[in-house]
Each structure stands twice: as C-alpha cells, then as structure tokens.
Amino acid sequence: MKVAVFSCKPYDKRTLDVASEAASDIELVYFESRLSLETVALAKSYDAVSCFVNDDLSRPVIEQLAEYGIGAIAMRCAGYNNVDLYCAKAFSIPVFHVPDYSPTSVAEHAVALIMTLNRKTHRAYHRVKEGNFALEGLMGFNLEGKTVGCIGTGRIGEAFCRIMNGFGCQVLCHDLFENERLLALGVEYVDLESLYAKSDIISLHCPLNASTHHLINRSSIEKMKDGVMIINTSRGALVNAQEAIDGLYSGKIGYLGLDVYEQEGKIFFEDMSSHIIHDTVFQLLLTFPNVVVTGHQGYFTDIALHHIADTTLANLEQLQHSPDAFQRELTAIC
Ligand code: NAI
C-alpha cells in the first residue's frame, strides 16, 4: 500500500519512519504541503492519503481523491471537522482518525495556558531577561477555590477536569452526555447558562460542529463573569475571535488563551517570522498583554507523536489485511 502523507513535518517523518519499520508492505511518501485542491494531484497513483488538522478534505478534494482511486483517508489527529464525512462515505472511502493518542497532552497544555495567563510568566520571562525584577502588573490569583467550567467532557475534557480538581477548583461541566468517572470525582453537570454565569475559567474541549461553531460569541460572553478567563485548545472556530476582542476591550474577558484559531490554516505550523500576516484580527489578538496564543501545539508531546504514528500505521495495516472488519468499525465514525 502506497500512502501519500500530507502536512508532514520533519518531526512527523521521524516518528512515522520508526512506526513503519515493521510494516514492510506499507510505503509512506512524505509531502510537506497541505492537502488542498491545488496539491491533490500529488495523491495520484497512491492507494491512501494521510492528513492532518488543516488539510482540506472538503467535497471537491474528496471527489478528486475518489477519481484517483484513493482507498482510505488516515487522519493523524483526533478531530475530523475538516473532513466531509458524508462525501467520503458516498465514495466509500473509509476515514479513520486517532481518537485517543494522548488526551493528557492537550489537557496539560490547556493548564499551561491557564498558569501562564494567571501568573503572567510570559511577561515575567522577558522582564527578568532585561534585568527588570519589578513585580508590578504580575499579580496572579490562587486557583484553589476557583470555579472552572469545562465544555466537552470526553477524553481531553476528562483529563482537564481531573487536573483542575487536583488544584482544588470547583469543576462545572457541560456536555451532551454525563461522564460517570467525572461524576464520581465530584464534578457537577450544569446547563451552559449556569456554566457561563458561575465560572472564573472556561475551557473548551468539545468538537467543532454546526452546534458548537462560534459557541463563544458576543451573547455567550455577556453571560460570563467579569474578567473571565477563556481557554480554547479545541478548534479555532469555537470562538468568534472578533467578538472575543470586543470582550477583551470591554474588560469582560480578563484573559484569553488560544492554542487554535479559526483562520490558522494559512499560518500555523509554518515559520512566518519573515512574512507579513494578512489577518488583522489575529495581529490584534497578539497585541493584548492578557492574551496568549500558541500555534496548535496542544498535542505536541513525545508520547502523543509516537501514538499518532503507531495508530496511523496500525489503522492502515488493519485496513489492508481485514478491510471488512475495518469497514464495520468505520460506520461509527462516518
Ligand atoms: P471526545 O470525542 O473524546 O470528546 C468530545 C466531547 O465533546 C464528547 O464528550 C461530546 O459529547 C462533547 N460534545 C459534543 N458536542 C457538544 C456540545 N455541543 N456541547 C458540549 N459538549 C459537546 O474528543 P477529545 O479527544 O476529548 O477531543 C476534543 C477536541 O479537542 C477534538 O474534537 C479536537 O477538536 C480537539 N483537539 C485539539 C488538539 C490540539 O492539539 N489542540 C489535539 C486533539 C484534539
């Protein structure tokens, strides 16, 4: 099986090389380019493609993949909001993802954003480097006793709630389904309105779909506590960035931590330091002292990268050796 691996950085290649050593019947060919309508021709003559979070797997691209006879789409990530699953299903192209590669890696990154914004280590680092040891402007708050709202209590949300519970926070949750393990831990499930009204910190861990698109917008922000901290390590379009900026200007939002951004596709994962970023909303976000943006690195730990590579290879092998069993499992995803 020949697999065209898109959006493949050197660190991906290193882990995929190790994972594919044992899979002699799978040949991986690496492309740094994102998959898009412009680059889809690279997939010609391959049996499958492997893609990442910002690859374009919309209908026109999948139609082209189907024309090339692509037999599978192996996502190297948990989220698959960028894949038109209906279209893939219509062309009988199985789509698989890596649902459980390391929920703690993303949860811990959400906590890193909370800790940075709270104790202002991003600012302290630069001050100390310049010999400025003044503390004015660096005051934080104790997390113990604070109320933390978690929207989405699946794998990552659960890991996040466990950590915040360990800090001594009161944890409020909202999800379509209650997580028994979290209930046993003592968290409380509430409706969104209550979560907004009571939380000092709100962290997003739900997927991006039609019901969660721009979940954080002017109207939801108005319902939150003054000075609320909002953390998004899930998908950029959960937050209406312009309306979040308005919330920052008014002081309603006291802190904003983003690992993802709605328009990240053209800039994240690339060295843009010598380029002008033509996105005034993004540029504006970077100017706030109480905003920390990281470039979609929540997943980026050693363990997670190895799990992603191992699971991707295991999926491809399973597909190759027992396609029927695999097809049955896929119905759940599609
Ligand atoms: P999961 O599928 O285990 O959990 C998602 C949870 O969200 C489920 O419990 C589901 O019921 C809930 N949910 C769905 N719609 C909802 C709604 N409208 N309101 C409230 N809850 C809702 O997914 P997992 O592994 O926890 O990942 C969550 C998200 O994190 C992914 O969809 C992905 O977008 C993002 N992610 C970000 C990464 C990063 O590097 N920053 C890496 C991996 C995932």
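Every residue gets a number counted from 1 within its own chain, in the order that chain's sequence is written. The predicted nature of this model means local features are confined to residues of pLDDT at least 70 and side-chain atom pairs, given and counted, to a pLDDT of 80 or more, with totals for whole chains, interfaces and linings taken over all residues. In computing side-chain properties, one takes all heavy atoms of the structure into account and sets aside hydrogens as well as water.

Within an unreviewed UniProt entry, the label attached to the protein chain reads D-lactate dehydrogenase, and the organism entered is Marinomonas aquimarina.

Overview of the domain arrangement of the protein chain
The assigned domain composition of the protein chain is domain 1 (2–101 + 301–326) and domain 2 (103–293). Bear in mind that the domain bounds are from an automatic or database domain assignment. Domain 1 and domain 2 are separated by 30 Å when their C-alpha centres are compared. Contacts were defined at the residue level, with two residues in contact if any of their heavy atoms lie within 4.5 Å. Listed as interface residues are 13 residues of domain 1 and, on the opposing side, 9 residues of domain 2. Take the accessible area each of two parts loses on contact, using a 1.4 Å probe, and add the two losses: that sum is the buried area. Interface area, domain 1 with domain 2, both sides summed: about 1000 Å², of which 50% is carbon and sulfur. It is Lys9, Asn54 and Asn81 in domain 1 that bury the most area against domain 2; as a group they hold 40% of the surface buried on that side. What counts as a salt bridge is simple: a side-chain nitrogen of Lys or Arg found within 4 Å of a carboxyl oxygen of Asp or Glu. In this structure, the connection of domain 1 to domain 2 is made through 1 salt bridge. With its nearest N and O atoms 3.0 Å apart, the salt bridge here joins Lys9 to Glu270.

Here we look at the sheet that holds strand S2 (residues 27–30)
Any two strands with at least two DSSP-identified bridges between them are counted as paired. Helix and strand definitions here come from DSSP, where helices need a minimum of 4 consecutive H or I residues and strands a minimum of 2 consecutive E residues; each element is numbered from the N-terminal end. Spatial ordering of the open sheet is given by S2-S1-S3-S4-S5, a layout of 5 strands whose pairing is parallel. The sheet is open, and its two edges are formed by S2 and strand S5 (95–96), each paired on a single side. By the bridge criterion, 4 bridges tie strand S1 (residues 2–5) to S2 in an arrangement that is parallel. Paired with Ala4 across the strands is Val29, a residue of S2.

A few points about the UniProt feature "domain: D-isomer specific 2-hydroxyacid dehydrogenase catalytic" (unreviewed entry) in the protein chain
UniProt positions are given in the numbering used here, feature names are shortened, and annotations may be inferred rather than shown by experiment. According to UniProt, the feature "domain: D-isomer specific 2-hydroxyacid dehydrogenase catalytic" (unreviewed entry) maps to residues 17–320 in the numbering used here. This span, residues 17–320, is 36% helix and 14% strand, and a straight line between its end C-alpha atoms measures 19 Å.

Topic: the packing of helix H4 (residues 103–119) against helix H6 (residues 155–166)
Where H4 contacts H6, the two axes come as close as 8 Å, and the packing angle between them is 50°. The angle between H4 and H6 falls in the class oblique. Between H4 and H6 lies a crossing of right-handed hand. Taken together, the residues of H6 that come into contact with H4 (itself represented by Pro103, Thr104, Val106, Ala107, Glu108, Ala110, Val111 and Ile114) are Arg155, Ile156, Ala159, Phe160, Ile163 and Met164. Classifying every residue of the contact of H4 with H6 gives 11 nonpolar, 1 polar and 2 charged. Each axis is a line fitted through C-alpha atoms, taken for helices only over the stretch in contact, and angles between the N-to-C directions span 0 to 180 degrees. An angle below 35 degrees is treated as roughly parallel, one above 145 as roughly antiparallel, one from 65 to 115 as roughly perpendicular, and anything else as oblique. Here is the rule for handedness: rotate from the far helix to the near one, and if that takes an anticlockwise turn smaller than a right angle the crossing is left-handed, while a clockwise turn gives right-handed. Gly falls in the polar group here, along with every residue not listed as nonpolar (Ala, Val, Leu, Ile, Met, Phe, Trp, Tyr, Cys, Pro) or charged (Asp, Glu, Lys, Arg).

Here's the deal with the sheet that holds strand S12 (residues 291–293)
Taken in spatial order, the 7 strands make up an open sheet running S8-S7-S6-S9-S10-S11-S12, and their pairing is parallel. Bordering the open sheet on either side are strand S8 (188–189) and S12, each of which pairs with just one other strand. With 2 bridges connecting them, strand S7 (residues 170–174) and S8 associate as parallel partners. Counterpart to Leu172 in the pairing with S8 is Glu188. The strands touched by H4 are strand S9 (201–204), strand S10 (228–232), strand S11 (253–258) and S12; relative to S10, the strand with the most contacts, the crossing angle is about 145°.

Comments concerning the side chain of Asn240
In this structure, Asn240 sits in the loop between S10 and helix H10 (241–250). Think of a polar contact as two N or O atoms within 3.5 Å of one another; within protein, one of them needs to be a possible hydrogen donor and the other a possible acceptor, and neighboring residues in sequence only count if both atoms come from side chains. Polar side-chain contacts of Asn240 include one of 3.2 Å to the backbone nitrogen of Gln242. Looking at Asn240, its side chain comes within polar contact range of the main-chain nitrogen of Glu243, at 3.1 Å. If near-sequence neighbours (up to four positions away) are discounted, Asn240 is found in contact with His214, Ile216 and Asn217.

Points about the packing of aromatic side chains
The pairing test for Phe, Tyr and Trp rings, Trp by its six-membered ring, is centres within 6.5 Å, and the orientation test on the planes gives stacked under 30 degrees, edge-to-face over 60, and tilted for anything in between. All chains considered together, the criterion is met by 10 aromatic pairs. An aromatic cluster is defined as three or more aromatic residues linked by ring pairs; in this entry it consists of Tyr11, Phe52, Phe269, Tyr299 and Phe300. Placement of a charge over a ring requires the Lys NZ or Arg CZ to be within 6 Å of the ring centre, with the centre-to-atom vector within 35 degrees of the ring normal. For the cation-ring pair, Lys2 lies above Tyr46, with the distance from its terminal atom to the ring centre recorded as 4.7 Å.

Examining the side chain of Thr233
With respect to the helices, strands and loops of the structure, Thr233 is situated in the loop between S10 and H10. A simple rule labels every residue: compare its accessible area, found with a 1.4 Å probe on the protein chains alone, to the largest value its type can have, and call it buried under 20%, exposed over 50%, or partly exposed in between. Take Thr233: its relative accessible area is 7%, and that puts it in the buried class. Look past the residues within four positions of Thr233 in its chain and what remains in contact with it is Val106, His109, Ala110, Leu113, Leu204, His205, Asp259 and Val260.

Details of the environment of Asn217
Topologically, Asn217 is positioned in the loop between S9 and helix H9 (218–222). For Asn217, a relative accessible area of 23% puts it in the partly exposed group. Separated by 29 residues in sequence, Asn217 and Asp246 place their C-alpha atoms 9.8 Å apart. Excluding its chain neighbours within four sequence positions, the residues that come into contact with Asn217 are Asn240 and Glu243. Engagement of the side chain of Asn217 in a polar contact is seen with the backbone oxygen of His214, the distance being 3.1 Å.

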